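Below, each chain spelled out in residue letters.
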Amino acid sequence: MTAPTSTSKPGGPAALELRSLRPLCEALRRAGYTVIGPTVRDDAIVLAELDSADRLPHGWGVTLSAGAYRLRRREDGAAFAHAAGPQSWKPFLHRSKVKLWEADRTGDGFEVRDHAPEPARLALLGVRPCDLRAMAIQDRVLLGGRHVDPSYRARRHDNFVIAVNCTEPGGTCFCASMGTGPQAGPGYDLALTELVGEGGPRYVVDVATEAGAALIDGLDCAPAEAADVDRARAEVSAAAGRMGREMPAAGLRELLAGTLEADRWDEVAERCLSCGNCTMVCPTCFCTRVADTTDLTGDHAERWQLWDSCFDPDFTHLHGGDVRASAKSRYRQWLTHKLGTWHDQFGSSGCVGCGRCIVWCPVGIDLTVEVAALRTEAAGEGPGGPKTQK
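So, how was this worked out
Residues numbered from 1 in each chain as written. Predicted model: local features only at pLDDT ≥ 70, side-chain atom pairs only at ≥ 80, totals over all residues. Heavy atoms only, no water. Helix = DSSP H or I, 4+ residues; strand = E, 2+ residues; numbered from the N terminus. Rg over C-alpha atoms; globule rule 2.2 N^0.38 Å. Buried < 20%, exposed > 50% of the residue type's maximum accessible area, 1.4 Å probe, protein only. Contact = heavy atoms within 4.5 Å. Lys, Arg positive; Asp, Glu negative; His and termini not counted. Charge placed at Lys NZ, Arg CZ, Asp CG, Glu CD. Axes fitted to C-alpha atoms, helices over the stretch in contact; angles between N-to-C directions. Parallel < 35°, antiparallel > 145°, perpendicular 65-115°, else oblique. Nonpolar A, V, L, I, M, F, W, Y, C, P; charged D, E, K, R; others polar. Core = buried A, V, L, I, M, F, W, Y, C linked by side-chain atoms within 4.5 Å. Pairing = 2+ DSSP bridges. Expected span 1.5 Å × (residues − 1). Arc of directions from axis to C-beta. Left-handed = near helix turned anticlockwise from the far one by under 90°. Phe/Tyr/Trp six-rings, centres within 6.5 Å; stacked < 30°, edge-to-face > 60°. Lys NZ or Arg CZ within 6 Å of the ring centre and 35° of its normal. Salt bridge = Lys/Arg side-chain N within 4 Å of Asp/Glu carboxyl O. pLDDT = per-residue confidence, 0-100.

Quick look at the overall build of the protein chain
Summing up its helical and strand segments, the protein chain has 13 helices and 16 strands in all. In terms of overall size, the protein chain behaves like a compact globule, its C-alpha atoms giving a radius of gyration of 22 Å where 390 residues would be expected to give roughly 21 Å. Counting only C-alpha atoms and orienting by the principal axes, one finds that the protein chain spans roughly 70 × 65 × 35 Å. Buried positions account for 51% of the 390 residues belonging to the protein chain. The long-range fraction of contacts in the protein chain, counting pairs at least 24 apart against all pairs at least 6 apart in sequence, stands at 71%. In the protein chain, which carries 44 positive and 51 negative side-chain charges, the distance between the mean positions of the two groups comes to 1 Å.

A short note on the packing of helix 11 (residues 327-346) against helix 13 (residues 367-378)
The description of two packed helices rests on the angle between their axes and on the distance between the axes. The contact between helix 11 and helix 13 brings their axes to 12 Å, and the two run at 90°. Classified by the angle their axes make, helix 11 and helix 13 are roughly perpendicular. Between helix 11 and helix 13, the residues in contact are Tyr331, Trp334, Leu335 and Leu339 and Leu367, Glu370 and Val371, respectively. Per-class residue counts for the contact of helix 11 with helix 13 are six nonpolar, no polar and one charged.

Comments concerning the nonpolar core
Trp89, Leu124 and Tyr188 are the most contacted members of the largest nonpolar core, which has 40 residues in total. Among the elements that make up this core, the one with the highest residue count is helix 3 (residues 129-143) (seven residues). In terms of nonpolar packing, the next biggest core, distinct from the first, is built from 28 residues, Cys310, Leu339, Ile358 and Leu367 among them.

Re the sheet that holds strand 6 (residues 97-106)
Reading across the sheet, the four strands line up as 7-6-14-13 and stay open at both edges, with antiparallel pairing between neighbours. Every interior strand has two partners, whereas the edge strands, strand 7 (109-114) and strand 13 (288-294), have only one. Neighbour-to-neighbour, the strand axes of the sheet open up by a mean angle of 20°, direction not taken into account. The sheet contact formed by strand 13 and strand 14 (residues 300-307) spans seven bridges and is antiparallel. What sits directly across from Arg289, in strand 14, is Leu306.

With respect to helix 7 (residues 226-239)
Look at helix 7: 20 Å from first C-alpha to last across 14 residues, which is about the 20 Å you get at 1.5 Å a residue. The complete set of buried residues in helix 7 reads Asp228, Val229, Ala232, Val236 and Ala239. Across the axial projection of helix 7, the buried residues extend over an arc of 100°, all falling on one side. When the buried face of helix 7 is taken as reference, the exposed residues oriented beyond 90 degrees from it are Ala226, Ala227, Asp230 and Ser237.

Observations regarding the packing of helix 3 against helix 11
Interaxial distance between helix 3 and helix 11 falls to 11 Å at its minimum, and their mutual angle equals 50°. One way to sum up the angle between helix 3 and helix 11 is to call them oblique. When the axes of helix 3 and helix 11 are compared, the crossing they make is left-handed. In this structure, helix 3 contributes Ile137, Arg140 and Val141 to the contact, and helix 11 contributes Trp342, Gln345 and Phe346. Partitioning the contact of helix 3 with helix 11 into residue classes produces four nonpolar, one polar and one charged.

Considering the side chain of Thr167
Structurally, Thr167 is set in the loop between strand 9 (160-164) and helix 5 (175-178). With relative accessibility at 14%, the residue Thr167 sits in the buried group. If we ignore the near neighbours within four places in the chain, the residues touching Thr167 are Thr193, Glu194, Glu235, Val236, Ala239 and Arg242.

Re the packing of aromatic side chains
All told, the structure shown has eleven aromatic pairs when counted by the stated rule. A ring pair is formed by Trp89 and Phe92, whose centres lie 6.5 Å apart and whose planes are at 50°; its orientation type is tilted. Residue Trp89 shares its accessibility class with Phe92, and that shared class is buried. Ring pairing ties together the aromatic residues Trp265, Phe311, Tyr331 and Trp334, which thus form one cluster. Over the face of the ring belonging to Trp307 we find Lys90, whose NZ or CZ atom lies 4.6 Å from the ring centre.

Some points on the pattern of salt bridges
Applying the stated criterion across every chain yields a total of 23 salt bridges. Overlapping salt bridges bring together Lys99, Glu102, Asp104, Glu111, Arg113 and Glu302 as one network.

Overview of the confidence of the model for the protein chain
Model confidence for the protein chain is summarised by a mean pLDDT of 89, while 92% of its residues fall at 70 or above. In this model, residues 2-11 is a region of pLDDT below 50 whose contacts with residues beyond four sequence positions or in other chains number 20 contacts. Scored below 50 in pLDDT, residues 386-390 shows 19 contacts in the model against residues more than four places distant or in partner chains.

See the structure below:
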């Protein structure tokens, strides 16, 4: 699909059984797509290119808590019964390293060559509702203004998106309270709901675009049974009540704007390492910097766009020093921007409730706990608050 649009397609869901995921992947590859999806590697469920549906993490789940991630075996063969892993789809769309141009010295000066973005035809298989919303947010940031990121545009232009409705949220998930899940919103071509039972998993598929309908028609899928559709909707609805965290979204912008001098910021600064893990795993953080390099001869130079983090002291460096020299100021900037002033810039929150920043923080800082503590302090109930949440 061409980002960021999605259209509704009449006709209702169709049923796929587990063995039909292999033809689905094969059909995408025959259509010229590079299929990206979840797989098990290095004791984690990561996103990678898939040459077969057999590489999906069948029978694997995860246990998540603040600062901790563990794989666990499941008794069934479910392929999507796991919460968000260490990657979002950001590394495949908003590349961490992009060459902008290169130059070579010539006899009478130098020659500069722009580096054209490489187009990619990506099929994204297994996109969680929270990540689907994150992709829409990055579309707004990197495509929606006057200055479009050409690399992102080239990689986002011709995606085929297969979402997976969430039926088993993790211990750090809070998408329901952010309004980003567990039901997939707009932006997909197909959406799967995995039903686990005797005989292995099977899938209810919702079709949202003509491209999705064409792919399903080519697989000769049968209409879904009404009982399966009802069960799929019920399991997704039930997942909303089993979130491991909660972030009441109402009034967040006002709360953060009114607590810039709260004592809680000093408490979180005592724990924050300013490592930037939260920004690297966040599916919506988009900051970059530009780096120039030369070879040893000085005859060849390149300019690269690289991911950056507002937790890096040099991120705000100006002549005379750093604007945000303390861990307190950097964490406060990240959280108030993500949950508050993002609304002023882009018209929505920058948080989708995936919980990755909680899991991959080395010291287990939990933004839902920090917000709750700020609410407590703002209400005049004291500066304290829970230090962490397991």
